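Fold and geometry: a report
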Amino acid sequence: MKLPTSPFTVTDWSTVSPTTHAGERGEAIWRTLDIGDLRVRMVEYSPGYLADHWCDRGHVLYVLKGELDSELRDGRKFKLTAGMSYQVSDFGDAAHRSSTATGATLFIVD
């Protein structure tokens, strides 16, 4: 990931309009800031959420609250709790997808 040239920007996430994205189960609420090819998001997954796709996009993901289960297509599974993160490059490992039993709030840069 290369950060594009941009001015110093302060973001009040409560003022960023949310968009709703249905999962296979549950939903994700995204608040998104696009800066060129860079996307910065605050994402809230509802309890019981399961992504409706496998993702090959690279991310830096930080769990702000709740618990996130990340499953890789090759069968590996990881549980992340508040204060944990993962980093993966575009097509850098097996595709991944997210789920949560309890709900989670994430900060994601991709």
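Higher on the page you've got the structure.
This one's a predicted model, so the numbers in the text were calculated from it and none came from an experiment. (Residues numbered from 1 in each chain as written. Predicted model: local features only at pLDDT ≥ 70, side-chain atom pairs only at ≥ 80, totals over all residues. Heavy atoms only, no water.)

Structural notes on the environment of Arg-39
- Here Arg-39 is to be found in strand β3 (residues 38-45).
- Overall, Arg-39 belongs to the buried group, its relative accessible area being 16%.
- Residues Arg-39 and Ser-98, 59 residues apart in the sequence, show an inter-C-alpha distance of 18 Å.
- If we ignore the near neighbours within four places in the chain, the residues touching Arg-39 are Trp-30, Thr-32, Leu-33, Asp-34, Arg-57, Ile-108, Val-109 and Asp-110. (Helix = DSSP H or I, 4+ residues; strand = E, 2+ residues; numbered from the N terminus. Buried < 20%, exposed > 50% of the residue type's maximum accessible area, 1.4 Å probe, protein only. Contact = heavy atoms within 4.5 Å.)

Focus on the pattern of salt bridges
- Enumeration according to the criterion identifies eight salt bridges in this entry.
- Note that Lys-79 is salt-bridged to Asp-69, the shortest N-O span being 2.8 Å. In this pair, Lys-79 sits in strand β5 (residues 77-81) while Asp-69 sits in strand β4 (residues 59-72), placing the two residues ten residues apart along the sequence.
- The closest approach of N and O atoms between Arg-76 and Asp-74, which form a salt bridge, is 2.9 Å.
- Looking at Asp-74, the relative accessible area reads 46%, which means it is partly exposed.
- Salt bridges sharing partners connect three or more residues here, namely Arg-39, Arg-41, Arg-57 and Asp-110. (Salt bridge = Lys/Arg side-chain N within 4 Å of Asp/Glu carboxyl O.)

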